[in-house]
Amino acid sequence: MPQAIPLPSDLSPATVANTASLLRIIALSLISGAAIASRLFAVINFESIIHEFDPWFNYRATRVLASKGFYEFWNWFDPTAWYPLGRVVGGTVYPGLMATSGVIYYGLRALNLPVDIRNICVLLAPGFSALTAWATYMFTKEMKDESAGLLAAAFIGIVPGYISRSVAGSYDNEAIAIFLLMFTFFCWIKALKLGSALFGTVAAVFYFYMVAAWGGYVFITNMIPLHALVLILMGRFTSRLYVAYSSWYVIGTLASMQVPFVGFQPVSTSEHMAALGVFGLLQIVAFTQLVRSHVSSKQFQDILFVALVSAGVLGVAAFVGLTYKGTIAPWTGRFYSLWDTGYAKKYIPIIASVSEHQPTAWPSFFMDLQFLIFLFPAGVIMCFHQLRDEHVFVIIYAVMASYFAGVMVRLMLTLTPVVCVAAAVAFSSLLDTYLDAHEPEPEASATDSAASVDTGKKPKKEKAATGSALADLVAAATPTKKGDAPKFKGVYGTDTRFMIVMNAIAMLSFFVFHCTWATANAYSSPSVVLASQNQDGSQHIIDDFREAYYWLRQNTPETAVVMSWWDYGYQIAGMADRPTLVDNNTWNNTHIATVGKAMSSSEEVAYPILRKHDVDYVLVIFGGLLGYSGDDINKFLWMVRIAQGVWPEEIQEPNYFTPQGEYRVDSMASNAMKNSLMYKMSYYRFSELFGGGQAVDRVRNQQLPKEGPTLDVLDEAYTTENWIVRIYQVRKEDLLGRDLKSANAFAKGKKRKRSKPASRRRALSAAAST
Amino acid sequence: MPPKPAASEPTSAVHTLWKAYNENTSDRLKFIDAFLVFLMLSGIVQFAYCVLVTTFPYNAFLSGFASTVGQFVLTASLRSQVNPDNKNEFKDVSPERAFADFAVGSIVLHFFVFNWLG
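Residues numbered from 1 in each chain as written. Chains lettered and ligands numbered in written order. Predicted model: local features only at pLDDT ≥ 70, side-chain atom pairs only at ≥ 80, totals over all residues. Heavy atoms only, no water.

**Let's talk about the overall build of chain A**
Helix and strand counts for chain A stand at 35 helices and 10 strands. Residues counted as buried form 52% of the 770 residues belonging to chain A. Restricting to contacts in chain A with at least 6 residues of sequence separation, those with at least 24 account for 72%. Looking at chain A as shown, the accessible area adds up to about 33,800 Å², and 62% of this sits on carbon and sulfur atoms. (Helix = DSSP H or I, 4+ residues; strand = E, 2+ residues; numbered from the N terminus. Buried < 20%, exposed > 50% of the residue type's maximum accessible area, 1.4 Å probe, protein only. Contact = heavy atoms within 4.5 Å. Areas by Shrake-Rupley, 256 points an atom, 1.4 Å probe, with all protein chains shown as cover.)

**Looking at the overall build of chain B**
Tallying secondary structure elements over chain B gives four helices and zero strands in all. Relative to a compact globule of 118 residues, whose C-alpha radius of gyration would be 13 Å, chain B shows 19 Å and is clearly more extended. Overall size of chain B, expressed as C-alpha extent along the three principal axes, is 55 × 45 × 20 Å. Per-residue burial over chain B gives 37% buried out of 118 residues. (Rg over C-alpha atoms; globule rule 2.2 N^0.38 Å.)

**What about the UniProt feature "transmembrane region" (unreviewed entry) in chain B?**
Residues and elements named next belong to chain B. Under the feature "transmembrane region" (unreviewed entry), the UniProt entry names residues 34-54, 60-78 and 98-117. With 90% helix and 0% strand, residues 34-54 has its two end C-alpha atoms placed 29 Å apart. End-to-end, the C-alpha atoms of residues 98-117 are 28 Å apart, and along that stretch the chain is 100% helix and 0% strand. (UniProt positions renumbered as here; feature names shortened; annotations may be inferred.)

**Details of the side chain of Arg236(A)**
All names here are of chain A. Tracing the sequence through the fold places Arg236 in the loop between helix 11 (217-233) and helix 12 (239-256). Separated by 2.8 Å, the side chain of Arg236 and the backbone oxygen of Leu387 make a polar contact. Ignoring sequence-local partners within four residues, the contact set of Arg236 consists of Leu231, Leu387, Arg388, Asp389 and Val392. (Polar contact = N/O pair within 3.5 Å; in protein donor to acceptor, adjacent residues only side chain to side chain.)

**Focus: the sheet that holds strand 6 (residues 615-621) of chain A**
Residues and elements named next belong to chain A. On the basis of which strands lie adjacent, the open sheet formed by four strands has the order 5-6-10-9 and mixed pairing. In the strand order of this sheet, the two ends are held by strand 5 (561-563) and strand 9 (714-719), each with one partner. Strand-to-strand twist across the sheet, computed as the mean angle between neighbouring axes with direction ignored, equals 30°. Relative to strand 10 (residues 725-730), strand 9 runs antiparallel, the two sharing five bridges. Counterpart to Glu716 in the pairing with strand 10 is Tyr728. (Pairing = 2+ DSSP bridges. Axes fitted to C-alpha atoms, helices over the stretch in contact; angles between N-to-C directions.)

**Description of the packing of aromatic side chains**
Residue and element names in this part refer to chain A. Under the definition given, this model contains 57 aromatic pairs over all chains. Centroid distance Phe57 to Tyr570: 4.8 Å. Interplanar angle 20°. Geometry classified as stacked. A residue pair is termed long-range when its members are at least 10 positions apart, and Phe57 in helix 3 (residues 54-68) and Tyr570 in helix 28 (residues 569-576) qualify at 513 residues. According to the relative accessible area criterion, Tyr570 is buried, its value standing at 5%. Here a set of aromatic residues connected by ring pairs shows up, and it is made of Trp188, Tyr207, Tyr217, Tyr245, Trp248, Tyr249 and Phe279. Note that Lys597 overlies the ring of Trp647, its terminal NZ or CZ placed 4.7 Å from the centroid. Arg641 extends its terminal NZ or CZ atom over the ring of Trp638, reaching a point 4.5 Å from the ring centre. (Phe/Tyr/Trp six-rings, centres within 6.5 Å; stacked < 30°, edge-to-face > 60°. Lys NZ or Arg CZ within 6 Å of the ring centre and 35° of its normal.)

**With respect to the UniProt feature "domain: STT3/PglB/AglB core" (unreviewed entry) in chain A**
Summarizing the sequence annotation, UniProt attributes the feature "domain: STT3/PglB/AglB core" (unreviewed entry) to residues 561-611 of chain A in the numbering used throughout. Within the segment residues 561-611 of chain A, helix and strand shares are 57% and 6% respectively, and the terminal C-alpha atoms sit 11 Å apart.

**Topic: a nonpolar patch on the surface**
A surface patch of nonpolar side chains, amounting to about 560 Å² of accessible area, comprises Phe47(B), Tyr49(B), Val51(B), Leu52(B) and Val53(B). Position of Leu52(B) among the secondary structure elements: in helix 2 (residues 27-52). (Patch = residues over 30% accessible without salt bridge, like charges linked within 9 Å, V, L, I, M, F, W, Y side chains within 5 Å. Salt bridge = Lys/Arg side-chain N within 4 Å of Asp/Glu carboxyl O.)

**A word on the pattern of salt bridges**
Evaluation of the coordinates by the stated rule reveals 28 salt bridges over all chains. A salt bridge links Asp101(B) to Arg97(B), with the nearest nitrogen and oxygen atoms 3.4 Å apart. Of this pair, Asp101(B) and Arg97(B) both sit in helix 4 (residues 95-117), separated by four residues, roughly a single helical turn. Relative accessible area serves as the criterion here: at 26%, Arg97(B) is assigned to the partly exposed category. Taken together, the salt bridges that share partners define one network made up of Glu142(A), Lys190(A), Lys193(A), Arg388(A) and Glu390(A).

**Describing the packing of helix 3 of chain A against helix 5 (residues 96-110) of chain A**
When two helices pack together, you describe them by how their axes are tilted relative to each other and by the distance separating the axes. Residue and element names in this part refer to chain A. Interhelical geometry of helix 3 versus helix 5 gives an angle of 45° and a closest axis separation of 9 Å. The orientation of helix 3 relative to helix 5 falls into the category oblique. For the element pair helix 3 and helix 5, the recorded crossing hand is right-handed. Contact residues: helix 3 offers Phe57, Asn58, Ala61, Thr62, Leu65 and Ala66, while helix 5 offers Leu97, Met98, Ala99, Ser101, Gly102, Tyr105 and Tyr106. A breakdown of the residues in the contact of helix 3 with helix 5 according to their chemical character gives nine nonpolar, four polar and no charged. (Parallel < 35°, antiparallel > 145°, perpendicular 65-115°, else oblique. Left-handed = near helix turned anticlockwise from the far one by under 90°. Nonpolar A, V, L, I, M, F, W, Y, C, P; charged D, E, K, R; others polar.)

**Digging into the nonpolar core**
All names here are of chain A. By size, the foremost hydrophobic cluster in this structure holds 179 residues, and its most contacted members are Phe139, Phe185, Tyr245, Leu372, Leu415 and Phe545. The dominant element in this core, judged by the number of residues it contributes, is helix 9 (residues 173-194), at 15 residues. Contacts of Leu372, omitting those with residues within four sequence positions, involve Phe155, Val159, Val419, Cys420, Ala423 and Phe511. If you look at the next biggest cluster of nonpolar residues, it comprises 53 residues, including Ala643, Trp647, Leu677 and Tyr683. (Core = buried A, V, L, I, M, F, W, Y, C linked by side-chain atoms within 4.5 Å.)

**As for the interface of chain A and chain B**
Contacts between the two partners involve 34 residues from chain A, matched on the other side by 39 residues from chain B. Buried surface at the junction of chain A and chain B, both sides included, amounts to about 3,000 Å², of which 72% is carbon and sulfur. When the buried surface of chain A facing chain B is broken down by residue, Leu254(A), Gln258(A) and His294(A) rank first, second and third, together holding 19% of it. The interface formed by chain A and chain B contains zero salt bridges. Where chain A touches chain B, the interface holds eight residue pairs in polar contact (both at pLDDT 80 or more). (Buried area = accessible area lost by both parts, 1.4 Å probe.)

**Focus on the confidence of the model for chain A**
Regions with low pLDDT should not have their predicted coordinates read in detail. All names here are of chain A. Summarising the model, chain A shows a mean pLDDT of 82, and 87% of its residues fall at 70 or more. Per-element confidence in chain A is highest for helix 10 (residues 197-213), whose mean pLDDT is 93, and lowest for helix 24 (residues 454-464), whose mean pLDDT is 41. Ignoring residues within four places in sequence, the model shows residues 444-486, a span with pLDDT below 50, making 33 contacts including any to other chains. Across residues 752-756, where pLDDT falls below 50, the model places five contacts with residues more than four positions away in sequence or in other chains. (pLDDT = per-residue confidence, 0-100.)

**With respect to the confidence of the model for chain B**
Residues and elements named next belong to chain B. Confidence in the prediction for chain B averages 83 pLDDT; 92% of positions are at 70 or higher. Across residues 1-7, where pLDDT falls below 50, the model places one contact with residues more than four positions away in sequence or in other chains. The ipTM, which scores confidence in the relative placement of chains, is 0.89 for this predicted complex, and the corresponding pTM is 0.85.

**Thoughts on helix 21 (residues 389-407) of chain A**
If you check helix 21 of chain A, its first and last C-alpha atoms are 28 Å apart, about what 19 residues at 1.5 Å a residue would give, namely 27 Å. Burial within helix 21 of chain A is extensive, with 14 of its 19 residues counted as buried. (Expected span 1.5 Å × (residues − 1).)

**Some words on the environment of Gly623(A)**
All names here are of chain A. Checked against the element boundaries, Gly623 lands in the loop between strand 6 and helix 31 (632-646). Note on Gly623: relative accessible area 0%, which makes it buried. For the pair Gly623 and Ser682, spaced 59 residues apart in sequence, the C-alpha to C-alpha distance is 8.9 Å. Beyond its immediate sequence surroundings of up to four residues, Gly623 is in contact with Tyr628, Asp631 and Val699.

**Observations concerning unusual backbone geometry**
Only a minority of non-glycine residues have a phi that is not negative, and only a minority of peptide bonds are not trans. Residue and element names in this part refer to chain A. Cis peptide bonds are those with omega within 30 degrees of zero, and the linkage from Tyr83 to Pro84 qualifies with 0°. The topology assignment puts Pro84 in the loop between strand 1 (77-78) and strand 2 (87-88). Positive phi values are uncommon outside glycine, yet Trp82 reaches one of about 55°. Tracing the backbone through its elements, the reader meets Trp82 in the loop between strand 1 and strand 2. One non-glycine residue, Asp577, lies in the positive phi region at around 60°. In this fold, Asp577 is placed in the loop between helix 28 and helix 29 (589-600).

Structure representation (structure tokens):
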């Protein structure tokens, strides 16, 4: 047989196999190392710190778990959150993440390795990303072979779409959930292939872990039934499917109910009903199969007809009846917002207000997946070639996840694994074809070439998969079918091989550069600590958030209630350790709307609200001085909208725009805007900073009036170095029973007679005269 | 169509089904089937109790019902795995392996059942 490249011929198959497996192990461990290392940019560029918002709550809960033990955590009632309501944390949290770090913490301590719980939390996500790479390897191995598995593991190890959620310090549920997702899918595929109840059970146990770890478990709850349903509809029902699905569903569902936050949902909400329905359908189909094996086909058809009609009518009637009676809850709002992208904006502004719930902009697909995004369709088409049961799974997964990723930015995370798998299948097919040293023999017969070259193999497999029309379509569209007509078709010589392989290597290395760049520059910022560049290129750290939280911690009584917009609730609780009115849990819309109303109405309206909620301090984020765009004035419209949802007569969004419909903060700003507490708190004494010059808001690029707003019910308590965080203290009622405005005016009138710094006096007198 | 033949056809079909089943099924499988029938009856009794009397300790009902349903499907899986007719489908699952799977699955299932009984 001709060869393009001379190959050593004196190797025994055993040697080759052993070397290959050794190389695989080395490659996998290097991939794990790369996956962990690229996630450490955040620690190296900044420090070992918990990132963003939700991770601060997870970290706080983990500290409770580590210091007080599991039972205390389970029964933890947190009176400081959602003041004055409190929050039953143990029952309203997915405890998987905290339990994982708790187990690691206690395990290390048992080995006499006293590692700080914070370091465990920071490094948990990178650690699990190595496991994700391994799980993806196992999953892809079932799709094609080991080499595709290694490619998929390498892709998922460094792809920015996954790194964005799993850098060191990003201590969130997704950190462990993607590993669990991939491993559950792997177990499911394995169970389906072997017809093994053991793998079904393992899949159920990991499904339970997933339920305990992330709300996205519903994706598995619907993916596996959908796969089973499609297989049944394709006429591919087998006893293996029955064994795998039944064992997974029964154990998995019962197990998922053990998580307090999930509770009875698996038997009472619509999101979980598809799984139950497919379970019932499988029982019926399996039973009919059994009956068919015992009777002739004519009688079978009679029995089948009667049985199917009655079962179908009964099932639909039961589902409709139960939904009507209210036993089965209809779909929740979050799910409607997946189908109707405008739904959330209309009915649940609190969901729409979260930036990661916005639809995905198309450049972010390239940013997050780079060249994988155009290999992805190729990989999916290749799944149609063989179309085994597991390939159907990848196809369904690809379709569903692509849709969801288009709807919501954060669901890019569920798309990323299947993109890696499909791209790896495509890429390794390419490499297989061009790295194969065999050349087709010019006068070889069709059977010979079928044994040697990949192109020859395909017609055979296609014949096996003629079941579906789609497979025929794909087969007709690909040129491989024509491979029968010209006898010799394949790759000759080394030049084409060299070109293709070089091109492939170049693509891979660009991918690595892109991933490293994206990780280092886009995804490693803790957002608690900001970084900017000095004139000389060195890094300048802006640490206003921690400065403010630390001030609260040191200078206020432990019971002082802090009001802020809900984004900062977890951080205040975690870093300042003070009670908050609302936080990122967002379970009580009315409470959040109350805060929104207080922020968006005038001082006279807001003051009673503040006093009724025992608010001592109000915290706002202001980026106008530094140009930090994620500040509260930019989020202000959402506060207005959410408040409007509850008090439509008192708060109206159009009032906050100029008559021309512009959102302005300068002298043209509307009255409602100028009088709102949020505006006043943001710009209070801002113009003084410019020493008589024109005050400019650098985020909105607008010039502010010379005379800043005045505050009667609040005292400025603290403003950080770059003015990002401003803290105000709420005044108590006047002792003499006057309203605070007149009391303030009176006090200022007296103060004017005493000696005061000139600039301040001018500002105050100007304020008093109005 | 006159109703009489339509009514008699299914009955005869069920009759032949029963006869074929008796003749073609090994005693081992019949033993498993007896267990399956028992589980089904137990499940029906529990469900009837839940519908007719009370659902009050809902978690207890769910765990009891899930234990019968779960045991049913695990046993049914065992039955299809050891059924000689299905030999081609379960190439990697020997009857011993099938029983081990069954045992592991049942243990995990009942672990959760007991945890959920309350």
